[in-house]
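# Results of the structural survey
What follows is each chain in one-letter form.
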Amino acid sequence: RRIESELREALTSGDQIRLTYQPIYAGDCQTIVGAEALLRWAHPIHAALPPGNLVALAEERGMIGLLGDYVLRQAARFAATSTLPWVAVNVSPLQLRDKSFPERLARLLEECGLTPSRLQLEITESVLLANNDTTRSVLGALRAAGIVVALDDFGTGYSAISYLRHHRIDKLKIDRSFIQTIGNDASAAAIVKALVDLALALDIRVTAEGVETEAQKDRLMAMHCDEFQGYLLSPPLEAAELSAVLAGGA
Ligand code: G
Ligand code: G
Ligand code: MN
Ligand code: NA
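Quick caveat, the model's predicted, so the values are computed rather than measured. (Residues numbered from 1 in each chain as written. Chains lettered and ligands numbered in written order. Predicted model: local features only at pLDDT ≥ 70, side-chain atom pairs only at ≥ 80, totals over all residues.)

### Description of the overall build of the chain
Which entries qualify depends on this criterion: Each helix is a run of H or I in the DSSP string that is no shorter than four residues. Each strand is a run of E no shorter than two, and both are numbered from the N terminus. Every radius of gyration here is taken over C-alpha atoms, with the globule rule written as 2.2 Å times N^0.38, N being the number of residues.
Check the secondary structure of the chain and you find 11 helices and eight strands. Against the 2.2 N^0.38 benchmark of 18 Å for 250 residues, the chain shows a C-alpha radius of gyration of 18 Å, consistent with a compact globule.

### Some points on the pairing of strand S4 (residues 119-123)
One face of the sheet, then the other: side chains in a regular strand alternate in exactly this way. Rule in force here: Exposure in this text rests on C-beta crowding, where 20 or more other C-beta atoms within 10 Å of a residue's own make it buried, 12 or fewer make it exposed, and counts in between make it partly exposed. The C-beta atoms are placed from the backbone. Strands were regarded as paired on the criterion that DSSP finds at least two bridges between them. Looking down the strands as they point away from you, a crossover is right-handed if its path from the first strand over the helix to the second goes clockwise.
For S4, a buried count of four out of five residues is recorded, marking the element as mostly surrounded by other parts of the structure. With four bridges connecting them, strand S3 (residues 87-90) and S4 associate as parallel partners. Directly across from Asn 90, in S4, lies its bridge partner Glu 122. Handedness of the β-α-β unit built from S3, helix H4 (residues 101-112) and S4 comes out right-handed. Of the strand pairs in this sheet, S4 and strand S5 (residues 148-154) are connected by four bridges, and their pairing is parallel. Note on S5: the bridge partner recorded for Glu 122 is Ala 150.

### As for the site of ligand 2
Under the convention used in this document: Residues are classed as near a molecule or strand if the C-beta position derived from their backbone is within 6 Å of it. Amino acid classes used here: Ala, Val, Leu, Ile, Met, Phe, Trp, Tyr, Cys and Pro are nonpolar; Asp, Glu, Lys and Arg are charged; the rest, including Gly, are polar.
By nearness alone, 13 residues border ligand 2, and Asp 153, Gly 210, Glu 212, Gly 230 and Tyr 231 come closest of all. The residue makeup of the shell around ligand 2, split by class, is four nonpolar, four polar and five charged.

### Things to note about the site of ligand 1
With respect to spatial proximity, the complete set of residues near ligand 1 consists of Leu 38, Leu 39, Pro 50, Pro 51, Gly 52, Val 55, Val 71, Asn 90, Val 91 and Ser 92. Residue assignment for the shell around ligand 1 shows that the elements contributing at least two residues are strand S2 (32-41) and helix H2 (51-60). Of the residues forming the shell around ligand 1, the biggest block, three residues, is contributed by H2. Along the lines of polarity and charge, the residues of the shell around ligand 1 split into seven nonpolar, three polar and no charged.

### With respect to the sheet that holds S4
Ordered by their spatial adjacency, eight strands build a closed barrel running S1-S2-S3-S4-S5-S6-S7-S8, and the pairing between neighbours is mixed. Here strand S6 (residues 171-174) pairs with strand S7 (residues 205-208) via four bridges, running parallel. Bridge assignment links Ile 174 to a residue of S7, and that residue is Ala 208.

### Looking at the nonpolar core
Put simply, the test is: Buried Ala, Val, Leu, Ile, Met, Phe, Trp, Tyr and Cys residues whose C-beta atoms connect them within 7 Å together make up a nonpolar core. Note on contacts: residues are paired as contacts if their backbone-placed C-beta atoms lie within 7 Å.
Judged by nonpolar contacts, the single largest core of 60 residues is most densely connected at Ala 37, Ala 75, Val 87, Val 89 and Ile 174. Every residue in contact with Ala 75, bar those within four places of it in the chain, is listed here: Leu 19, Ala 37, Val 87 and Val 89.

### Some remarks on helix H6 (residues 133-144)
To keep things clear, this is the line we draw: By this rule the span expected of a helix is its residue count minus one, scaled by 1.5 Å. Arc, as used here, means the arc of the directions from the helix axis to the C-beta atoms.
With 12 residues, H6 should cover 16 Å at 1.5 Å per step; its first-to-last C-alpha distance of 16 Å lies within 8% of that length. Those residues of H6 that fall on the buried side of the exposure criterion are Thr 135, Val 138, Leu 139 and Leu 142. Relative to the axis of H6, the buried residues are bounded by an arc of 100° and lie together on one face. Turned more than 90 degrees away from the buried face of H6 sit Asp 133 and Ala 144, all of them exposed. Lining the buried residues of H6 we find H4, S4, helix H5 (125-129), S5 and helix H7 (162-167). Just downstream of H6, Gly 146 is the residue with a positive phi angle, here 95°.

### A short note on H4
With 12 residues, H4 ought to run about 16 Å at 1.5 Å a step, and its terminal C-alpha atoms sit 16 Å apart, in line with that. Those residues of H4 not exposed but buried are Phe 101, Pro 102, Leu 105 and Leu 109. Mapping the buried residues of H4 onto a view down its axis gives an arc of 90°, with all of them on the same face. Structural note: H4 exposes Glu 103, Arg 107, Glu 110 and Glu 111 on the side pointing more than 90 degrees away from its buried face. Taken together, the buried residues of H4 touch helix H3 (64-80), S4 and H6. Just downstream of H4 lies Gly 113, where phi reads positive at about 75°.

Structure below.
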């Protein structure tokens, strides 16, 4: 009860709930091509509440639409005033089950002055597995509007490759569990290589998540992975910190 009203309050006032932005780099590992927005609740008690729990709480209490729109607005506002090419926002499966989502999002982008092609949405495989009619039409409308849709945590769910054909996803993000074992697990390395090649063949972009070591980076570069994300390159940054990095001041 209490946490619910606190969440509602945090969403209507102040900047307790903020986003941090983790840069995503081009294949050269030098150029920032975009950033993933990650939720943070700076609350005296709930500061330790991981974003996954916050999202789950909002889902349970019927507040995911509210939280989701808040996150999208904050990310779009930041991107609109930044030189960042695009910003990626994680969306819950429930947000995509709302028929009014594409239209609301279009209005929000217009209001923030952000071109749809500068917004990417990260969805999880469970979204596609559910095979829900509303979700399908919502995804179609989003892509028709020019919003890039990325499949997050790829490889951790039921990863049916047929989804890539039927749902025409724009980007795959290979889950960090594969990247982290790429150096000492031959099968993980083979899977990553196969996924990068598959993405190339399907004309889908591919991002390696959770790149933490030079050795991982070198192997992924040799595989011609398109995009890199991870602590080796940069942790999530405050909006102002990212702006400073983009301006060459950090
Ligand atoms: O930043 P961190 O590693 O703690 O994020 C944990 C999880 O929370 C990740 O799976 C991430 O996708 C998810 N997450 C972070 N921010 C958001 C958000 O704004 N919306 C949704 N739905 N999930 C988020
Ligand atoms: O599920 P999703 O990919 O959206 O989760 C993103 C989460 O991964 C963020 O919470 C972010 O802090 C975390 N993350 C980003 N880079 C790395 C990394 O190099 N290693 C690890 N372990 N986590 C990372
Ligand atoms: Mn993500
Ligand atoms: Na991920």
